[in-house]
Structure formats: C-alpha cells, structure tokens
Amino acid sequence: MPINNGLAALSNNLFLWAIVIYAVAMTCYAIEYAFGVRGLVASAAKSQVHEAAKVPVLIGAGGLDSSLPADASRAAASPARSGAAARWGARAMVLGRAAVLATVIGALCQLGSLIARGISVHRVPWGNMYEFVCVACLVGVTCWLIALSRRPKLRHLGLFVLLPVVLLLGLAGTVLYAKAAPLVPALNSVWLKIHVSAAATSSGIFMFGFVCGVLYLIRQGYDARTVAGREITFPFTIGVRLPSAESLERLTFRVHALAFPLWTFAVIAGSIWAEAAWTSYWSWDPKETWAFISWVVYAAYLHARATAGWRGKKAVAIVILGWGTMMVNLFVINLVQTGLHSYAGVS
Amino acid sequence: MLSKFVAMLSFQLRRLWGQLISMRTALVLLFLLALAAVPGASFPQRDLNDGKVEKYYHDHPTLAPVLNRLWGFEVFTSPWFSAIYLLLFISLTGCLISRMRVHLPPLIMGPPQVPAHLSKLPLHERVETEREPSQVADELQSSLREMRWRRMRRRTDPDGTITLSTERGQLREVGNLIFHFALVVVLVGVALGSLWGWKGGALIVENSQFCNSVQSYDQFTPGRLVSDKSITPFCLTMKNFQARYLSDGQPVNYKADLRYDEGKSAGSSDPRKPYTLQVNHPLRLHGAGVFLINHGFAPILRFTDRYGTTFESPTPFLPRDPKETSEGVVALPDANQDPESDKKQPNVQVAFEGIYVPTAPQFPPFINSEYPTRENEGITLLAYRGDTGLDSGIPRSVYTLDQSKVRSGQLALLGSKFLQPGQSWQLDDGSSVTFVGTKQWMSVEISRDPGRLTALVGAAAMVAGLLISLFIRRRRLFVRLHARGDGTSIELAGLTRADSEAFAAEFRRIVSTVREKTSVTESGEPSGAQTLETVGTTHAD
Ligand code: HEM
C-alpha cells in the first residue's frame, strides 16, 4: 500500500506543535515557579511576624529555622498570606493552570501525530527509534497527568517532567528522525506491536519515575541542609516548593513498581520475538545486553528499598543510574554500535 | 579439641552462609552482574559476530590480545561472569530456602497471636461500647468477614479477654517467592539449552535438496552434550524465492517456498509437504526450527574448456549492498585437463572472479546494482588461469580467490568482460564462458533448544510473581476486647510493611464501621486519635 504523504506531513507538523506547546507549558511552569517562590518568601516573612510559632525557611536569607520544611509550602497556602504575596500567588496559580492545559494540548498533538503517522504508513506507529521516543514521551507525560489528576499539589513537578520530555523529543526530531516508511521484513511481526509498545510504555513510566527520583533527592537534600542549618544552594533551592520527601520517595517507588514488571514483560516479549526471527531467544546483542543491565539495575533498586540501611537516598540514587542505562541503550547503542537490531533506522 | 575445632568451623561456615544469603550481598552481586555485562555490550563478541572481533584485532592490535586474555570477546561465557551469576544464584537459592521457612508456616497456620501492647503499633484506636465482649466479637468477626478479612484467629483468655487477629494479602510473600524461584527456573532453561541444544547454518540454492546432518552444515555449533545421533532427520528443498521491495529498494517481504519431509522417511524421495518460509515465521519441525536468515543470487556459468569438456553449475555469490550487488568466485580446478591423459596438470586451472548485478546501470562500470531484483542482470567477470591453490587441501573461503597466488603470478589475470544472460566470452586458448542466468539461494539457521519452554514458563512465572508481589499489600489487624464496667473496651491496631498511607485510610474505615456497628459512646484515646490525624495529613498531602 502506498504511503499517504499528506498524513505523514500532518504527523510531522503535529510533532513540531507538540514540542512548541510543551515549551510554552514549561515557560508557564517556570514563571509560576518563580512567582510562586516570591509569593512564598513574602508570605513566609509575613507569617513570621504574625505567627511566631511556626517560622518557615527563608531562601537566601540564611534560613534560621529547622522547622519541618513542609510547613513552608503549607504557609504559602495559609490564610496568613495577603497583599502583594497573594497577588503574586494568584497570578502564579493562573499560569500554573495554563501550564497544565498546555501540557494536555501538547499531549493531544503528540497523540494526533502518532495516529497520523500510523495511518499514513498502515502500521503501528512505533517502528523505528524516532517513533519509539515519541511513544515513550507521550507515556511519560500521560503518567504525569494521571498523577496530577490524583494529586493536584504535584503541579510543581510539571517543569521537571517536561524538561526531559522536550529534550528527548528534540533529539528524536533531529538525530533519530526517520521518515514515514513501511517496516522492513525483520520487523514485520505481531511481536513488534507487543514488545516495542511494552518497551516504549515502560520507558515512559521509567522516565517519570526518574524525574520523581531526582526531585526526591533534591527535596531530601533540601531537608538535610535545612536541618543542619547549612546554606541552601542550587539545585536544592528548588526543594522548597516540592512535596514532602516521604511522599516523593513513595511516588518514586510506586512508579517503578509499575514500570518494572512491564519492562520485564517487554524484555521477555522481545526474546520470544528474537527466537522467531533470529533462532535464539537471547544472543547478548548490545541492545539486549543493555536492556538486561537496566533490568538488573532496577531490580537492584527494588531490592535496595527493602535492604537495611539502603532505603531513601541510596536506593533512589540507583534509579538515576537505571535511567542512565536506559539512555545509553537509546542513544549510544542505536547510533554508535549496531547489533542485530535493525530497529534504529537511522542513517 | 577436635570437637571445638569442628564447632568453630561450623560456626564460621554458618556465618559465611548467613552473609552470602543476606540482602546486602544480593544487592552487591546484582550490581556486579550489571557491571560485568557492560564490557559484553562494548566489545564485539565472538558468538555474535566473529568478523567484528577480527576487525577489532586489526584496529586495536595492542589492546585486542589483552582483552582476549581477559575473555573480553566472550564475556558471557567467561569465568568471571559465570562466577558472579553462579554466586548470585547460590545466594538466591539459600535465600529462597530460608524465606520459605519463614513465610510458609504462617501461610498454613493462619494469622499470628495478638501482640501484648497494641498501643505500640503504628495504627491504634480504642472504641467503647455498652455491649458485652463475646457479642461484640461475633459482630466484629462477621463484619470483618464482609470486608474480606477472611483469615481470622479468635482466642478467649482465662480472664475473659477476647482477641481477634486477621490478615490479608499474604499472597504478597508468595508472589515474591514465585518470582525468585522463577529466576532459577529460567536459569535451568538456559542451561538445558546450552547443554543439549545445537544450531547450524546452511545455504540452500533453488531446487537443491538439504538433508539434516552435521556434515551438511556450513557451520555447526553443538551444545556440550550433543551427539550426532540426537540430530533429527528431515530434508527440504527450496522451490522458489520471492523478495518484494519498494521503488526505492527498501525490502518489504521475503518468502521462500519450501517442500519438506521429516522423520525416518526423509530423504528417500523428494520432499512433499509445502511451507512458506518467511522472516519471523520459521518452519517448526519436531525438535528443530528452520529460520530464514539471508538470501542472494547464484550465477550459472557454462565453461567449455580447450578440450571441449563443459562445466556448468550455479555458484552462490554474497550480496555486498542492499541493492544486491554480489561478489563471488567460480573456480574450476578440473578445467583444461586432457581427457586422454591421467596426469593432472596444475597450471591450467581456471577461475573467475565476478561481480553480479541484478539490475545493471545503463552505462559502465557495471559494478553497482541499481535495484535488488533481476530487472537487467549482468555479471562482470575477471578470468584467471594457473594454479588456484584449491588442490592444496587448505580450507579457504569459497567467495574469494587466494590473492597470494595472484601476487606470485601462479594465477594470471587474462582479462575482464561484462556478460548478460546468453552472452559468451571466448578466451585466448579457445575455451569459452557463457553467463547462462541465475538461481536464487537462501541461507537458513537450523536450531534446537530443548530449554526454550522451561525458560518461557519461568519467565511467565516471573512476571506473575512480580505483579502479585508488587501490587498486593500485606496487612494485619488485631483486636482485643475486654470487659469494662457493663460494656466492652475494643482496642484495634493495624500493621503493614509497605504503603502505610493507603492502609491508614483503610484502617480508619474499619474503625468507623466498628463504631457504627457497636453504636457507641466513645472515649477516644488521645494518642490513638493523634496518630490517625497525622497520618491523615500526610495522606491529604
Ligand atoms: C537473581 C537475582 C535477583 C533478582 C533479579 C531479584 C529481584 C528482586 C526484585 C525485582 C524484587 C522486588 C519485587 C518483589 O518484592 O518481589 C525483589 C525482592 C526481594 N528479594 Fe530479590 N532478587 C534477586 C536475588 C535475591 C536474593 C539472592 C535474595 C536473598 C537475599 C533476595 C531477596 C529478596 C527479598 C527478601 C525481597 C523482598 C523485598 C521486600 O520485601 O520488599 N533476592 N528481588
């Protein structure tokens, strides 16, 4: 069947729009963040006057107090806030909502782009690395939106979720881009649908988990510095607006508890496919090997979380390592080395 | 003295064993395993691609031998990689045994006794009622059962205090055990495959027959315990090969029409059963699979030597690019031998180097094909005469000429010519060569892996176990009822290991149900209430 060039072009346009809209959303988040912090500091100063009991941490003013940092964000929402701070806060709120709306529209553009690509070439839209990254990013954003719908307070994470998404999409559109084309025979299999969709979905979830992990580490560092009375420097200054370390840690775990079985399944589906295509279900080709390395690292994370003395900072650090191995697999292996996987389609 | 020594030794061994099966060791070994796999993905591996290893030797002449000594080109069968995963699986087995001892008895025996000090548990609440203990206990038991807390243990102490303990989600530990056990099953599957599996590669030209035996393979890799007899008999012929491409040359589909027979009768007559072999659709036979790997063209040259003897057969050429430009050698070590004489003349052998193009360009040179199917085929031949070196008995590639013979002048280049089907070329000694046409060939890999199914079952169990263990939460609920005045004081406490937040909400629901059912005058215990409140705040966060 011939390729539908009109739809293929539409898909590319929607892809570009998705990036632009995500960038707009990021800007809104960033401004909300900046205003929000200003409002927060102002309100913190106020509440210091009004409520002598609870003194939230002051950024840059050499935080004097070691009260639970969670109080700071709570203070921002407390009725004590008034005047300029409230105005800042209200504007920030509007921007925050606009950011969420933009994120949703961006995700819809991405979805449209994938559907158009799929129809234009009469196959599932995850037949090469470019499409793979698009699917993974869409899943990551969707995860984030689902988490947000359950807990509106997570909105402050938005900027940090979209950052890797926009970076990855940028790379996908430039370095990994492959034009609309049918599949090569080796990829023409039901297992493509199963294996690659599971791998892309779990990669997307892992990406969200990675962001949660990074934010946990920031929040945790912020808390530790606050308690120790040390100066809070970037990136730990971000911590003030984040949910509590405990809830971020739990979120990190939950997200990985979802992604890990799916990744396990993806690797197994891949090896069933490999058996049908290349005779042996496991041949330690570089892509397989890195998938295995990621799997072992994430298993180590789940393990570490249950190991005495590892829970918390050390365990979450493994998550960062895990995402690093996923990135190696995505970029280094596809672009630098080629094994049996004829998937990359980058030339 | 000796007994003391034995005691000490056994103490040390136990300690070592305890360390080996600890979570910390498992963690370290997991890291080591991940780390050890990295060189396997960074350096070319012999099993995967021997050619790349050779190239690595060529590109890094000093580093390659060092890497080789450290098993850098066969990481996954190296002693150090094996050591890590074997240690990990020993640790795993030990861990499984000790954890089965811990987790299976409660599974059979039911929930544990109610602890003495319920107020020490993280979730704790007290409810007062005017009804008497046994009545309340009955009521509680039935409403908890309604809430699907089914495994219940009830005990009445001599002083009339009634305790209830119940738990849910014990399956979590079972799931975890299944997952870890399944890892062992997968490893067993892999081991079965590497001991009793085999694989071989063969190239089959259109209409020629291939029968399964060790000798008929171009290369054959047997598992450690494979004997020639364990190779099942079957025969197959390739009738026709179709490759479809887009107009820009991107392949869309490869199909090979096969006829095959298996079992004892195989080989006694022409194979009959039809099968269409495709990439991703292997032919599954009893005990072996046939997989399509590659395909190409085999030009047919008819050579008539100076004595009038004719040689004609298809010779597979290897594709060099995606447009199927192919290269190969047709060597005729028996050409130009006087039929009247018994003595073999070595220096009159003939060989042709050829570049075959399925679609020749309009203008010369005709050495790069323009499309991968036979639209305008042709072959550029370089004719040589002399000693091909094929009688020396040294095995060498059939796709290239021995260049040392060319350099030393033992094999002399006569000239070159481009031929299309039906065209001939007359050589200086009166012999002639005709390009008759081409046949297609396919290369297949044929393999057997007796551990496949075991590994698959293990893998499926792994996923199932993971899902169970990561999504089921184990939680326990304890209730103590003791008479107080005319009524009963109900003390409830809950315990969970992971995800205390969700359980706190569940616990609150249970407590409020209990309140309703016992319709009460309550005297909330400050500490209990406070616990709930704090947890509640975290939840709202
Ligand atoms: C082949 C290597 C291993 C892998 C890939 C692996 C993987 C995992 C994974 C993914 C989990 C989390 C999922 C779950 O709870 O079921 C887990 C949990 C666990 N593993 Fe392993 N494991 C390995 C070896 C071991 C060994 C040697 C031990 C013994 C020390 C062990 C003990 C445990 C325990 C106790 C848990 C439960 C943690 C909890 O309660 O949350 N594992 N393992």
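Every chain is numbered independently, its residues counted from 1 as its sequence is written. Working convention: letters from A go to chains and numbers from 1 go to ligands, in the order in which they are written. Given that this is a predicted model, residues contribute local features only at a pLDDT of at least 70 and side-chain atom pairs are listed and counted only at 80 or more, while totals for whole chains, interfaces and linings are drawn from all residues. Side-chain numbers here rest on the full set of heavy atoms in the structure, without hydrogens or water.

### A word on the confidence of the model for chain B
All names here are of chain B.
Working step 1: Of the residues in chain B, 94% have a pLDDT of 70 or more, and the chain-wide mean is 85.
Working step 2: pLDDT measures how confident the predictor is about each residue, on a scale from 0 to 100. Helix numbers and strand numbers start at the N terminus; a helix is a DSSP run of H or I with at least 4 residues, a strand a run of E with at least 2. By mean pLDDT, helix H11 (residues 526–540) is the weakest element of chain B at 35, and helix H9 (residues 452–471) is the strongest at 94.
Working step 3: Throughout, a residue-residue contact means that at least one pair of heavy atoms, one from each residue, lies within 4.5 Å. This stretch, residues 520–541, has a pLDDT under 50; its non-local contacts, to residues over four places away or in other chains, come to 32 contacts.
Working step 4: In the model output, the complex is listed with pTM 0.83 alongside ipTM 0.82.

### Observations regarding the coordination of the iron atom of the ligand
Working step 1: For Na, K and Ca the donor cutoff is 3.2 Å, while for all other metals N, O and S atoms must lie within 2.8 Å; water is not among the atoms, so some sites may look incomplete. Every protein donor of the iron atom of the ligand is listed here as His303 of chain A (NE2) and His180 of chain B (NE2), and their distances to the metal cover 1.9 Å.
Working step 2: Here the metal geometry follows the donor angles, with tetrahedral for four donors whose angles all fall between 85 and 135 degrees, square planar for four and octahedral for six when opposite donors are more than 155 degrees apart and every other angle is between 65 and 115, and irregular for all the rest. Each of the 6 donor atoms around the iron atom of the ligand contributes to a set of angles spanning 88 to 179°, which defines the coordination as octahedral. In this pair, histidine 303 of chain A is assigned in helix H8 (residues 286–305) and histidine 180 of chain B in helix H7 (residues 171–196), connecting two distinct chains.

### Points about the sheet that holds strand S17 (residues 411–419) of chain B
All names here are of chain B.
Working step 1: Two strands are counted as paired when DSSP detects at least two bridges linking them. If you walk across this open sheet you meet the 5 strands as S13-S14-S15-S16-S17, and the pairing is antiparallel. At either end of the open sheet lies a strand with only one pairing partner, and these are strand S13 (318–319) and S17.
Working step 2: Note: strand S16 (residues 378–386) against S17, 8 bridges, orientation antiparallel. Considered in S17, the bridge of isoleucine 379 is made with leucine 419.

### What to know about the interface of chain B and chain A
Working step 1: The partner chain A presents 58 residues to the 51 residues of chain B that form the contact.
Working step 2: Two parts placed together each lose some accessible area; with a 1.4 Å probe, that loss summed over both constitutes the buried area. Taking both sides of the interface into account, the surface hidden between chain B and chain A amounts to around 4600 Å²; carbon and sulfur atoms contribute 66%.
Working step 3: Between Lys or Arg on one side and Asp or Glu on the other, a salt bridge is scored when a side-chain nitrogen of the former is within 4 Å of a carboxyl oxygen of the latter. At the junction of chain B with chain A, the criterion picks out 2 salt bridges.
Working step 4: Here arginine 452 of chain B and glutamate 275 of chain A are joined by a salt bridge, their closest N and O atoms 2.9 Å apart.
Working step 5: Definition of a polar contact: a pair of N or O atoms within 3.5 Å, with one able to donate and the other able to accept a hydrogen when the atoms are protein atoms, and with sequence-neighbouring residues admitted only if both atoms are side-chain atoms. Summed over the shared surface of chain B and chain A, the number is 7 residue pairs in polar contact (both at pLDDT 80 or more).

### Points about unusual backbone geometry
Keep in mind that most residues, glycine aside, have a negative phi and that most peptide bonds are trans.
All names here are of chain B.
Working step 1: Following proline 364, the chain continues to proline 365 via a peptide bond in cis, the omega torsion being 0°.
Working step 2: For proline 365, the position within the fold is in the loop between strand S15 (349–357) and S16.
Working step 3: Positioned with a positive phi, asparagine 207 is a non-glycine residue whose angle comes to about 65°.
Working step 4: Three labels apply to residues, based on accessible area from a 1.4 Å probe with only protein chains included: buried if under 20% of the type maximum, exposed if over 50%, partly exposed otherwise in between. Since its relative accessible area comes to 46%, asparagine 207 is described here as partly exposed.

### Topic: the site of the ligand
Working step 1: Any residue with a heavy atom positioned within 4 Å of a molecule or strand is treated as near that molecule or strand. Surrounding the ligand, one finds 25 residues, the nearest of these being His303 of chain A together with Cys95, His180, Ser469 and Arg497 of chain B.
Working step 2: Residues lining the ligand come from chains A and B.
Working step 3: With respect to the ligand, the side chain of histidine 303 of chain A contributes an N or O atom lying 2.7 Å from a nitrogen atom.
Working step 4: Contact between the ligand and arginine 172 of chain B: an oxygen atom at 2.8 Å from a side-chain N or O atom of the residue.
Working step 5: Listing elements by their share of the shell around the ligand, those giving two or more residues are H8 of chain A together with helix H2 (23–42), helix H5 (79–109), H7 and H9 of chain B.

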